[in-house]
Amino acid sequence: MNDTKRHTTDITLLERPYTIACAPQEQEGLERAARYLDQAMQGIHAQGKVVDREKIAIMAALNLAHELLGLRDEKRAGEASLSELNTRLEQALAKAPSRDSDV
């Protein structure tokens, strides 16, 4: 795809419009992410402690990165817990008497 036919999507952050290059199949995800980011930025802006748009964007990015890393940690812990449970289940099944021996 050459630059003259590049697909773009319009988003709004803190009531300011932005045009972003985006593949058509990624447009819905980008718009969803933009709404999420805008909510985060609006929340910071509403507190009134930070008024500069760039600082609001940085604070929102830091908050979202913190949230993302926390969710990644939770996912890893959940995966480790499932793996441990799976190992214990396999061990218990290996020790269980075979049902075929009752026939």
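Just so you know, these numbers come straight off a predicted model, no measurement behind them.

**So, the overall build of the chain**
The number of helices and strands found in the chain is two helices and two strands. Reading the secondary structure of the chain in the N-to-C direction produces β-β-α-α. Whereas a compact globule of 103 residues would reach a radius of gyration of roughly 13 Å, the chain reaches 24 Å, over 25% beyond that. Projecting the C-alpha coordinates of the chain onto the three principal axes gives extents of approximately 75 × 45 × 20 Å. Residue pairs in contact within the chain that sit at least 24 positions apart in sequence constitute 28% of those at least 6 positions apart. Entry remark: accessible area of the chain is about 8,800 Å², with carbon and sulfur atoms responsible for 53%. Distance between charge centres in the chain, computed from 14 positive and 17 negative side chains, equals 3 Å.

**Remarks on the packing of helix α1 (residues 27-47) against helix α2 (residues 53-95)**
Their axes nearest at 9 Å, the elements α1 and α2 cross at an angle of 120°. Considering how the two elements wind past one another, α1 and α2 form a crossing that is right-handed. On α2, the residues touching Y36, L37, A40, M41, I44 and H45 of α1 are R53, I56, A57, M59, A60, N63, L64 and E67. The class makeup of the residues in the contact of α1 with α2 is 10 nonpolar, two polar and two charged.

**With respect to the side chain of D38**
In this structure, D38 sits in helix α1. Buried charged residue D38 carries no salt bridge. Nearest counter-charge: R53, at 7.4 Å. Setting aside its immediate chain neighbours within four residues, D38 contacts T12, L13, L14 and E15.

**Observations regarding the environment of I58**
Take I58: it is sitting in helix α2. Under the relative-accessibility criterion, I58 is labelled partly exposed at 44%.

**As for the pairing of strand β1 (residues 8-13)**
Because side chains alternate across β1, one face comprises the buried residues T9, I11 and L13, and the other comprises T8, D10 and T12, none of which is buried. Between the antiparallel neighbours β1 and strand β2 (residues 16-21) lie two residues, among them L14 with a positive phi of about 50°.

**A few points about the pairing of β2**
The side chains of a regular strand alternate, first on one face of the sheet and then on the other. In terms of strand pairing, β1 meets β2 through six bridges, oriented antiparallel. Across the sheet, residue T12 finds its bridge partner in β2, namely P17.

**A few points about the pattern of salt bridges**
Taken as a whole, this structure holds two salt bridges when the rule is applied. Note that D73 and R76 form a salt bridge whose closest N and O atoms lie 3.7 Å from each other. On the criterion of helical spacing, the pair formed by D73 and R76 is a turn pair, its members being three residues apart in helix α2. You can call R76 exposed: its relative accessible area is 53%. Among the ionic pairs, K75 bridges to E79, the shortest N-O distance being 3.4 Å. Linking K75 with E79, this pair stays in helix α2, spanning four residues, or about one helical turn. Of the residues examined, E79 reaches a relative accessible area of 43% and is grouped as partly exposed.

Cut-offs and rules
- Residues numbered from 1 in each chain as written.
- Predicted model: local features only at pLDDT ≥ 70, side-chain atom pairs only at ≥ 80, totals over all residues.
- Heavy atoms only, no water.
- Helix = DSSP H or I, 4+ residues; strand = E, 2+ residues; numbered from the N terminus.
- Rg over C-alpha atoms; globule rule 2.2 N^0.38 Å.
- Contact = heavy atoms within 4.5 Å.
- Areas by Shrake-Rupley, 256 points an atom, 1.4 Å probe, with all protein chains shown as cover.
- Lys, Arg positive; Asp, Glu negative; His and termini not counted.
- Charge placed at Lys NZ, Arg CZ, Asp CG, Glu CD.
- Axes fitted to C-alpha atoms, helices over the stretch in contact; angles between N-to-C directions.
- Left-handed = near helix turned anticlockwise from the far one by under 90°.
- Nonpolar A, V, L, I, M, F, W, Y, C, P; charged D, E, K, R; others polar.
- Buried < 20%, exposed > 50% of the residue type's maximum accessible area, 1.4 Å probe, protein only.
- Salt bridge = Lys/Arg side-chain N within 4 Å of Asp/Glu carboxyl O.
- Pairing = 2+ DSSP bridges.

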